[in-house]
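Descriptive structure summary
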There are 2 protein chains.
Amino acid sequence: VTSAARDEAAWIAFIAHLWGTSDAKVGPGDDGCVLPSGSYTLTTDTLLEGVDFEREWAPPQAVGYKAMAANLSDLAAMGATPRFLLMTLAVPEAVPEKYVEGVVEGIRALGVAEGVGLVGGDLSSSKSGLVISLTLAGAQEAAPLLRSGGKPGDVLFLSGPIGGPAAALRRFQSGGRLGTFEFGTRPPAPEQALLDRFYRPPGQTGLGIRLASDRLASCCMDVSDGLMKDLARMCEASGCGAEIEARSLPLDPLLGVQDEDRELENALRGGEEQVLLFAVPRRLASEVEVKCAGVRAIGRLVEGDRRVLVLPGDRREELPANGFDHFAS
Amino acid sequence: VTSAARDEAAWIAFIAHLWGTSDAKVGPGDDGCVLPSGSYTLTTDTLLEGVDFEREWAPPQAVGYKAMAANLSDLAAMGATPRFLLMTLAVPEAVPEKYVEGVVEGIRALGVAEGVGLVGGDLSSSKSGLVISLTLAGAQEAAPLLRSGGKPGDVLFLSGPIGGPAAALRRFQSGGRLGTFEFGTRPPAPEQALLDRFYRPPGQTGLGIRLASDRLASCCMDVSDGLMKDLARMCEASGCGAEIEARSLPLDPLLGVQDEDRELENALRGGEEQVLLFAVPRRLASEVEVKCAGVRAIGRLVEGDRRVLVLPGDRREELPANGFDHFAS
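Model, not experiment: these values are computed from the prediction. (Residues numbered from 1 in each chain as written. Chains lettered and ligands numbered in written order. Predicted model: local features only at pLDDT ≥ 70, side-chain atom pairs only at ≥ 80, totals over all residues. Heavy atoms only, no water.)

Concerning the sheet that holds strand E4 (residues 117–126) of chain A
Sheet strands pair via backbone hydrogen bonds, and the direction of the pair is either parallel or antiparallel. Pairing in this open sheet of 5 strands is mixed, and the strands run E4(A)-E3(A)-E5(A)-E2(A)-E1(B) from one edge to the other. In this open sheet, the two edge strands, each paired with only one partner strand, are E4 of chain A together with strand E1 (33–34) of chain B. Here 9 bridges tie strand E3 (residues 81–92) of chain A to strand E5 (residues 131–139) of chain A, and the two strands are oriented antiparallel to one another. Considered in E5 of chain A, the bridge of Leu-86 of chain A is made with Thr-135 of chain A. Where helix H2 (residues 60–78) of chain A meets the sheet, it contacts strand E2 (40–48), E3 and E5 of chain A together with E1 of chain B, and its direction lies at approximately 150° from that of E2 of chain A. (Pairing = 2+ DSSP bridges. Helix = DSSP H or I, 4+ residues; strand = E, 2+ residues; numbered from the N terminus. Contact = heavy atoms within 4.5 Å. Axes fitted to C-alpha atoms, helices over the stretch in contact; angles between N-to-C directions.)

A short note on helix H1 (residues 8–19) of chain A
Between its terminal C-alpha atoms H1 of chain A stretches 16 Å, which fits the 16 Å expected from 12 residues at 1.5 Å a residue. Taken residue by residue, H1 of chain A has Glu-8, Trp-11, Phe-14, Ile-15 and Trp-19 of chain A as its buried positions. Mapping the buried residues of H1 of chain A onto a view down its axis gives an arc of 125°, with all of them on the same face. Exposed and oriented more than 90 degrees from the buried face of H1 of chain A are Ala-9 and His-17 of chain A. Contacts from the buried residues of H1 of chain A go to H2, E3, helix H3 (97–113) and E4 of chain A together with helix H7 (227–238) of chain B. (Expected span 1.5 Å × (residues − 1). Buried < 20%, exposed > 50% of the residue type's maximum accessible area, 1.4 Å probe, protein only. Arc of directions from axis to C-beta.)

Remarks on the nonpolar core
Core analysis: the largest hydrophobic core is formed by 73 residues, its most contacted members being Met-68, Leu-85, Ile-132, Leu-156, Tyr-199, Leu-249 and Leu-277 of chain B. The biggest single contributor to this core is helix H2 (residues 60–78) of chain B, with 8 residues. Look past the residues within four positions of Leu-85 of chain B in its chain and what remains in contact with it is Trp-19, Met-68, Ile-107, Val-116, Gly-117, Leu-118, Val-119, Gly-120, Leu-134, Thr-135 and Leu-136 of chain B. In this structure, Leu-89, Val-95, Ala-168 and Phe-198 of chain A belong to the second largest nonpolar core, which totals 45 residues. (Core = buried A, V, L, I, M, F, W, Y, C linked by side-chain atoms within 4.5 Å.)

Some remarks on the relation of the copies chain B and chain A
Each of the two chain copies can be brought onto the other by rotation about an axis and movement along it. For the match of chain B to chain A, the screw axis carries a shift of 0.0 Å, the RMSD comes to 0.0 Å, and the turn is 180°. Look at the turn and shift together and you get a two-fold axis relating the two. Residue by residue, 100% of the interface of chain B is reproduced at the interface of chain A, so both copies engage with the same surface. (Least-squares fit on C-alpha atoms with pLDDT ≥ 70 in both.)

Here's the deal with the interface of chain B and chain A
At the interface, 64 residues of chain B touch 64 residues of chain A. Each partner contributes to the roughly 4,900 Å² buried at the junction of chain B and chain A, and carbon and sulfur atoms together form 55% of this total. Viewed at the interface, chain A and chain B are joined by 2 salt bridges. Between Asp-31 of chain A and Arg-147 of chain B there is a salt bridge, with its nearest N and O atoms 2.5 Å apart. Where chain B packs against chain A, one counts 17 residue pairs in polar contact (both at pLDDT 80 or more). Broken down by secondary-structure element, the contributors of at least two residues to the side of chain B that touches chain A are helix H1 (8–19), E1, strand E2 (40–48), H2, strand E3 (81–92), strand E4 (117–126), strand E5 (131–139) and strand E7 (219–223) of chain B. Considering each element in turn, the side of chain B that touches chain A owes the most residues, 8 residues, to E2 of chain B. Classifying every residue of the side of chain B that touches chain A gives 24 nonpolar, 23 polar and 17 charged. As judged from the 2 bridges shared by strand E1 (residues 33–34) of chain A and E2 of chain B, these two strands associate in the antiparallel manner. (Buried area = accessible area lost by both parts, 1.4 Å probe. Salt bridge = Lys/Arg side-chain N within 4 Å of Asp/Glu carboxyl O. Polar contact = N/O pair within 3.5 Å; in protein donor to acceptor, adjacent residues only side chain to side chain. Nonpolar A, V, L, I, M, F, W, Y, C, P; charged D, E, K, R; others polar.)

Topic: the packing of H1 of chain A against H3 of chain A
Residue and element names in this part refer to chain A. The N-to-C vectors of H1 and H3 enclose an angle of 30°; their axes lie 10 Å apart at closest approach. Taken together, H1 and H3 sit at an angle that is classed as roughly parallel. Judged by the twist between their axes, the crossing of H1 over H3 is right-handed. Residues Trp-11, Phe-14, Ile-15, Leu-18 and Trp-19 of H1 pack against Glu-97, Val-100, Glu-101, Val-104, Glu-105, Ile-107, Arg-108, Gly-111 and Val-112 of H3. Of the residues assigned to the contact of H1 with H3, the class counts are 9 nonpolar, 1 polar and 4 charged. (Parallel < 35°, antiparallel > 145°, perpendicular 65-115°, else oblique. Left-handed = near helix turned anticlockwise from the far one by under 90°.)

Comments concerning empty space enclosed by the protein
Which parts of space are left empty comes out when a probe the size of a water molecule is rolled across the atoms. All told, the structure shown has 1 cavity of 30 Å³ or more when counted by the stated rule. Surrounding the largest cavity, Thr-44, Leu-86, Thr-88, Ser-133 and Thr-135 of chain A together with Thr-44, Leu-86, Thr-88, Ser-133, Leu-134 and Thr-135 of chain B form its lining. Of all elements in the fold, only E3 and E5 of chain A together with E3 and E5 of chain B reach the threshold of two or more residues within the lining of the largest cavity. Here the lining of the largest cavity takes 3 residues from E5 of chain B, the largest share from any one element. Taken together, the residues of the lining of the largest cavity sort by class into 3 nonpolar, 8 polar and no charged. (1 Å grid on protein atoms, 1.4 Å probe; cavity = no way out; pocket = protein on both sides within 12 Å on 5 of 7 lines; lining within 4 Å. Points joined across faces, edges and corners; volume = space filled by probe spheres on them.)

Concerning the side chain of Ser-73 of chain A
Summarising the element assignment, Ser-73 of chain A is placed in helix H2. Residues within four places of Ser-73 of chain A in sequence aside, it is in contact with Gln-204, Asp-222, Gln-274 and Leu-276 of chain A.

Focus on the sheet that holds strand E11 (residues 307–311) of chain A
Residues and elements named next belong to chain A. The strand order across the open sheet formed by 7 strands is E7-E9-E6-E10-E8-E11-E12, and the pairing between neighbours is mixed. The outermost strands of the open sheet, each flanked by one partner alone, are strand E7 (219–223) and strand E12 (315–318). Pairs of neighbouring strands in the sheet enclose a mean axial angle of 25°, with direction left out of account. Of the pairings in the sheet, the one linking strand E6 (residues 155–158) to strand E9 (residues 275–280) comprises 4 bridges and is antiparallel in character. If you follow Leu-158 over to E9, its bridge partner there is Leu-277. Against the sheet, H2 makes contact with E7 and E9, and its axis sits at roughly 170° relative to E7, the strand it touches most.

Written out as structure tokens, the structure reads:
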């Protein structure tokens, strides 16, 4: 049975039943959804089959989970509280109904855990790959965290390790497969943990809200295209340079390091981490280390526009800006 | 030169330059956009190459224009004022840069004319067709117009003629091509007018706002999947049946009617019109006809759940619900 066997109305009914109602004033089923009055931050992120994932790599629940997580990470980077989801799916006829259901279950599992209600979207057939395009609205209660606003002297932090997802991607491309994907807290089998990490960015909604509400961060962004590239963007927006301490960089422990230099370079290029990179005025840095479990100071913003990696023995290397480019061939 | 020659940053710069700034608190360039505080209605609609359009049918400006118009029509159906756009494009490497620029120009031309600011989005490569997915936020100043709320006795109106876009689609599928697409008010060449209509739904933002602010409509929706199907949806949401007068149905004058019965049936199945279907309490019907230029009364809501077409000589035919289904093969 392929997805074409279920018509649009039946898919809408399936999704509505799975998800239940939200506290939107007008939810799915009308031409638009009406949000409760307030201050909102919107983010949107799309996963495409053949570009961002292949169906044979992992169960569909993992793909849906990752699609939701990518949007949640953007909201966290702004310090917003996730609230409402628009879900667009374009489904090729050949994709089995069960696969699409699995994607929706993955989106929902993480969405519901984060308090997100489904309020609308768009369903379409696709003549090519599966398209999953999500738009999230978050309540912006505190002033938003921006990429700009960092000052020379501010301490740079990462919310989690880097390098894991990029390494997992290389494994998928050379035949690695994730057999199962659980929504609960049960850890994946050790040999599957790195592949699992690709689909399971860390939850950091609370961290983003804390940084915004307590005014701890001078600037913040989601690292999704590699630390080198995203650091360059933050430095440009803030009009600063940066110094990164190589020995402070949290390499993903799942990498099982063999060639440390190589791993470091890969991790700097990285991609898909969806961890937060943020700067903190020096006087607040120790407060951040106490209040925000798991974050790691990796360096600092400096005057100028150069970004430098400080290696053991005070060897200094310029960091180029090339991370992952969505249009690079 | 294909789109892959321009990297992501260059595309973002091109789009930002083309569009200029909006009055969002935080616009494009951060991980999310922050809207001014208020009451918003969100809509989203996606056009896919190979499903909703083929590149050879028309200039790219037409495709972009239609993508924006489809979303505007949903906001109009809610009575919202268009304000902010998230634009997601997934572009295959083989699509020329000029084509993508044209799509963006089309989105922008209509967006700017309607007061819409670009605040964010997502850019990606695509391994298959071009994907254009837009999300619009509209200011919801009056109570939203819904599909529910219609009552037996209410007069049914259409905001414009039907049947044109479906006929144009048949022409495209049998080799018809739209040579040029203008943003201004200059009408297309007569032999191109029907093909042009496919990409140019009528502007009805003002009508939607008027219906909502003056509380003229008891229910309203955008007809995009064919009148038969969308009428069935409205009747179900409102718990009513309907009687439609065949001789009152506004067939698109561009059709150049030859076989009237056939044209009527095609128009009822229709699709892609993006005109408004709305019901008005009988005591307000004449006020609507005065205040809302170009609308046409086509029948009324009735008790029960049957939808009936009243033909000349009081011949009555049951209207089935089958219009265009996005998953029908």
